[in-house]
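The lines below spell out each chain.
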Amino acid sequence: MTRHIRHAGFFCALLLVALLVNAARVQVVQAPEYDRNPANRRPDITRYERPRGDILVGGRPVTGSKDTREHLRFERTYADGPLYAPVTGFASQLYGTTLLENAEDGVLSGSDPMLAPFPLWNDFTRARSSGGHVVTTLDPAAQRAAFKGLAGLKGAVAAVEPATGRILALVSAPSYDPQPLSGNGTAAARAWARLTADEDRPMLNRAARQTYPPGSTFKVVTAAAALDAGVVTDLDAPTDSPDPYPLPGTRTRLKNAARGCADASLRKAFTLSCNTVFAKLGVEVGLRDMTATAHAFGFNNADLAIPFPVARSTFDTTLDRAQLALSSIGQYNTRATPLQMAMVAAAVANGGQVREPYLVERTTRPGGSVLATAGSRGVRQAMYPSTAVRLRALMREVVEEGTGRRAAIRGAKVGGKTGTAQHGLGNSGMPYAWFVSWAQGARDLTPSVAVAVVVEDAEEERRDISGGGDAAPIARAVMEAVLKSRDRAPGS
Amino acid sequence: MSKAGITVATADPPASAVRRLPRRRGVELALIVLAVLLSVYGYCAVGLARHGTLPPGAAGYGAGLGVLALLAHLAVRLRAPYADPLLLPIGVLLNGLGLVLIYRLDLETPGDRAAPAQLVWSTLGVALFILVVLLLRDHRVLQRYTYVCVVAALVLLTLPILFPAVNGARIWIRVAGFSIQPGEFAKVLLAVFFAAYLAANRSALAFTGRRVWRLQLPTGRVLGPIVAVWLVSVGVLILEHDLGTSLLFFGLFVVLLYVATGRTGWIAVGLLLAALGAVAVGRLEPHVHGRIETWLHPFASIEAGEGANQLAQSLFAFAEGGLLGTGLGLGHSVLIGFAVKSDFILATAGEELGLAGLSAVFLLYGLLVERGFRAGLDLREPFGRLLAVGLASLVALQVFVIAGGVTGLIPLTGMAMPFLAQGGSSVVTNWAIVALLLRVSDSARRQYDGQDPR
């Protein structure tokens, strides 16, 4: 009997070993796979267990967190939802995150390993850091001015600081309140259904994620290329251009909206926004140099992130001469985001240097100590400094006596360029009104703000000055706001 | 040389002198203190993790558990002084850990507090333990009640059929607001019956009957009653939809039959019957069929878009635990939902204590079973041996069936994790098992006391 008891005992030991081996299989070998299973709610629970870090504008948080006491405990709240939605994006328990909430999710949610007190500390203790904060470069006054200017319209505003690339305003209209999307209930699902079905696409960030034909505002780029290439040496010399201008190799004749463009000087052509002159200049500069200049301004760069990715602005690189002529006046396949056009204005204002734009000044730990700063960003020389000086003069003339008079600010130097872009089949759509500009305060050494404004479906006749009518006042309001807040806090 | 040898021999105590066995009650007391301290530590860890403060009832909980354990220890000291010193501390530690886990899960389900009731049941369990140790002076007394035991067991098993089914199984009876699972008590009674019956008839079972090829078949006269009992109990359990208990009884029956007769043929017959039964039940019972499907494809419901089922949630909990666990109070095993405090209690242990803690719990059970087998080996009379082996196997099989079920090793069958799981009947029964094992181990070691070990 003793032998058989031992056998039975051995059998029980076998059962124990089976349990231990199986436990190791589940808990160690297959654990990563189980952890990744979409039905496993633990990652979500951990993620929403503590308040999400905040996004700060002008030193004050524009986001918050609400304790719901539910399984997924903390929900995102927004202090000024529609105003900052094109910057913050949303952070939803159902639909994920977008824009800054997405790009800085690691810091905001606390999963960024840099937030841990020591390397690998959180892996060891299984603790999760509290969310850090994201400090933006936005100027709340400029943002508000742009938002107010676009109220009731469809369009976008992007404003940057030329010397640094800091984004001062990024507004898209119509906007939306991201807060109803935060939760995980039926209310969030309803809000999502409503927003995604809206024909005006309020969740689209038109300032950075939508491209438009830039129209006449692209003439800034063409002028820079012509001056840099030596095609034009004297701003006041006649350019030997016919009106209308026959597109090379075709029978199509390009016309102007303004009169007096035949054989006009570059100065006059810029002020009047002559299509014929700039189409001809583009062809004379040639595809290679036009492309190089466009690239230097930031066109065709698919990798720009501020830190969320910006839509690629395009300047086609395989063109015949007729297409090049059209592309040089911002039509054909030329497309730009408002942010890209703000960079163009900023390059002129900044002596020809293009600063890569950015939206995050720094990220901080929950306590406020700095985690990472924007640091030095890439710089490109888009044109000779001398060209920039001449272009600045041309742009000032547009505001002082040309199509952009409504952008003038008393006591400040303002330069700008209007644009009307036609689009749709046979140019049947309502035109887009553009205005790009920069402003330099009376006491400033360099321009402190560059703005691009686009208004869709401009309610005006198809005249080139519509950019000056619809978009210029908005640009002026934004520039004024920036100049004013700089006066209040000099040196910042 | 030889002279020196003689002097040494005379210097020794006389060879005929009795040798006293160490009783090791001090060891037991020290281990009990350790077990109580570990439980209180776990209780405090839950409070600290959840609220950052010590839970208010920590002192009371510790004192209560400590007093219970001390009373049990005193009873052992008084009436079973030679008993194995590991059995009682293991029981105290597992019961204490179970209370901690249930208290911890109560925090997630504020509307359903189970820990206080479990503490009351644990008190009853320890009281029964003390009663058994005090009143049952010799386990051989139980042999007199062989048939009383089997009748009582059958009555207890049949009783719940008269009561409404709860969650698909007719295994509960409700008396004055208490749910009692009589099948739990029946386990011990059946173990006693099997042990007594097999001890009395083992020679007949082993050596008579026809021989077919290499199998020695027992005569129908001996085999009849035991197969009848087995059939009735299994039949009743299938009527009650409680597959786990049925599996448990069958396993116990086969193990004891093998130990009693030493015939490997019994194992072959047992496995054959088990396989037939499993296939038949798996085919015929949709309930059981579903369990097997779930076991084979735990994530099928997720792929079907119906969310994770209980087994999948249980696996997620174990996986989250990893090597070292999330820490007590910091896991999310409550996602398992229904039965998280009873059948799936091990998932909480696995998630919050990790593979390390889970292995420790398994090894505690392993040690408990090993001490039972050890007592069985040390005894000389067959009833005590079979009783010890039967009770130890009962624990081993039950742990395997439920732990294997919730970790996806075998199809899941509802059953209580001994000592850990919420469930009054189970706790009381397990304390009775520990008391009987203790009594048997006391007899096993007492017989050597005062004797020449040679």
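Everything here concerns the structure above.
All values reported here derive from a predicted model rather than from experimental measurement. (Residues numbered from 1 in each chain as written. Chains lettered and ligands numbered in written order. Predicted model: local features only at pLDDT ≥ 70, side-chain atom pairs only at ≥ 80, totals over all residues.)

Before going further, it helps to examine the interface of chain A and chain B. Often the size quoted for an interface is simply the accessible area lost on bringing the parts together. Counting residues at the interface gives 29 residues for chain A and 42 residues for chain B. Put simply, the parts of the chain that give the side of chain A that touches chain B at least two residues each are helix H1 (2-29), helix H2 (31-36) and helix H3 (42-47) of chain A. For the side of chain A that touches chain B, the element with the highest residue contribution is H1(A), accounting for 17 residues. Tallied by class, residues from the side of chain A that touches chain B come to 17 nonpolar, eight polar and four charged. (Contact = placed C-beta atoms within 7 Å. Helix = DSSP H or I, 4+ residues; strand = E, 2+ residues; numbered from the N terminus. Nonpolar A, V, L, I, M, F, W, Y, C, P; charged D, E, K, R; others polar.)

Here we come to helix H16 (residues 385-401) of chain A. Residue and element names in this part refer to chain A. Compared with the 24 Å implied by 1.5 Å per residue over 17 residues, the 24 Å span of H16 between its first and last C-alpha is a close match. Of all the positions in H16, only Thr387, Ala388, Leu391, Leu394, Met395, Arg396, Val398 and Val399 are classed as buried. For H16, the secondary structure elements touched by its buried residues are helix H10 (219-229), helix H11 (266-272), helix H15 (338-349) and strand S16 (413-421). (Expected span 1.5 Å × (residues − 1). Buried ≥ 20, exposed ≤ 12 C-beta atoms within 10 Å, placed from the backbone.)

Moving on, we get to the pairing of strand S17 (residues 432-440) of chain A. Residues and elements named next belong to chain A. With nine of nine residues buried, S17 lies mostly within the body of the structure. Across the two faces of S17 the burial is the same, with Tyr432, Trp434, Val436, Trp438 and Gln440 and Ala433, Phe435, Ser437 and Ala439 all buried. Two strands pair when backbone bridges link them, and S16 and S17 are joined in this way by nine bridges, in the antiparallel orientation. Pairing of Val414 across the sheet is with Ala439, part of S17. (Pairing = 2+ DSSP bridges.)

Residue and element names in this part refer to chain B. In the contact formed by helix H5 (residues 115-135) and helix H16 (residues 424-446), the axes pass within 8 Å of each other and the chain directions differ by 25°. One finds that H5 runs roughly parallel with respect to H16. Here H5 runs over H16; the crossing is right-handed. On the side of H5, the interface is formed by Ala117, Trp121, Ser122, Leu124, Gly125, Val126, Leu128, Phe129, Val132 and Val133, while H16 contributes Gly424, Val427, Val428, Asn430, Trp431, Ala432, Val434, Ala435, Leu436, Leu438 and Arg439. When the residues that make up the contact of H5 with H16 are grouped by side-chain class, the tally is 16 nonpolar, four polar and one charged. (Axes fitted to C-alpha atoms, helices over the stretch in contact; angles between N-to-C directions. Parallel < 35°, antiparallel > 145°, perpendicular 65-115°, else oblique. Left-handed = near helix turned anticlockwise from the far one by under 90°.)

The strands that make up a sheet are held in pairs by hydrogen bonds between backbone atoms, and each pair lies either parallel or antiparallel. Residues and elements named next belong to chain A. In space, the five strands of this open sheet follow the order S9-S8-S18-S17-S16, with antiparallel pairing throughout. Bordering the open sheet on either side are strand S9 (167-173) and S16, each of which pairs with just one other strand. For this sheet, the mean angle separating the axes of adjacent strands, direction not counted, is 10°. Here S17 runs beside strand S18 (residues 449-455); their pairing, made up of seven bridges, is antiparallel. The residue bridging Ala439 from the neighbouring strand is Val449, located in S18.

A word on the sheet that holds strand S7 (residues 133-136) of chain A. Read from one edge to the other, the open sheet built from five strands follows the order S2-S1-S7-S13-S14 (chain A), with strand pairing classed as mixed. Unpaired on one side and paired on the other, strand S2 (60-61) and strand S14 (370-373) of chain A mark the two borders of the sheet.

Our next topic: the environment of A:Pro242. All names here are of chain A. Relative to the elements of secondary structure, Pro242 occurs in the loop between H10 and strand S10 (245-246). Between the C-alpha atoms of Pro242 and Ala229, which are 13 residues apart in sequence, the distance is 21 Å. Apart from the residues lying within four places of it in its own chain, the contact partners of Pro242 are Ala262 and Thr276.

Residues and elements named next belong to chain A. Within S9, seven of the seven residues are buried, leaving the element largely enclosed by the surrounding structure. In terms of strand pairing, strand S8 (residues 155-160) meets S9 through six bridges, oriented antiparallel. Within S9, the position partnered with Val157 by the bridge is Val171. In textbook terms, the turn of a hairpin is the stretch between consecutive antiparallel strands, and for S8 and S9 this stretch comprises six residues, one of which, Gly165, has a positive phi near 90°.

What tends to happen in soluble globular proteins is that the nonpolar side chains get buried as a cluster. Ranked by size, the top nonpolar core spans 147 residues in total, and within it B:Ala195, B:Leu256 and B:Leu437 carry the most contacts. When residues in this core are grouped by element, the largest group, 17 residues, is from helix H15 (residues 382-406) of chain B. Other than its neighbours up to four places away in sequence, B:Leu256 contacts B:Phe194, B:Ala195, B:Leu198, B:Leu386, B:Val389 and B:Gly390. Grouped together as the second largest cluster of nonpolar side chains are 132 residues, A:Val87, A:Phe147, A:Met343 and A:Ala388 included. (Core = buried A, V, L, I, M, F, W, Y, C linked by C-beta atoms within 7 Å.)

This part is about unusual backbone geometry. For the bond running from A:Asp243 to A:Pro244, omega is -5°, close enough to zero to count as cis. Cis geometry marks the peptide bond from A:Ile306 to A:Pro307, where omega comes out at 5°. Here A:Pro307 lies in the loop between helix H13 (287-297) and helix H14 (321-327). Positive phi outside glycine occurs at A:Ser273, with the angle close to 60°. One can find A:Ser273 in the loop between H11 and helix H12 (275-285). You will see that B:Ala339, though not glycine, has its phi angle at about 70°, which is positive. The topology assignment puts B:Ala339 in the loop between helix H13 (310-321) and helix H14 (345-378).

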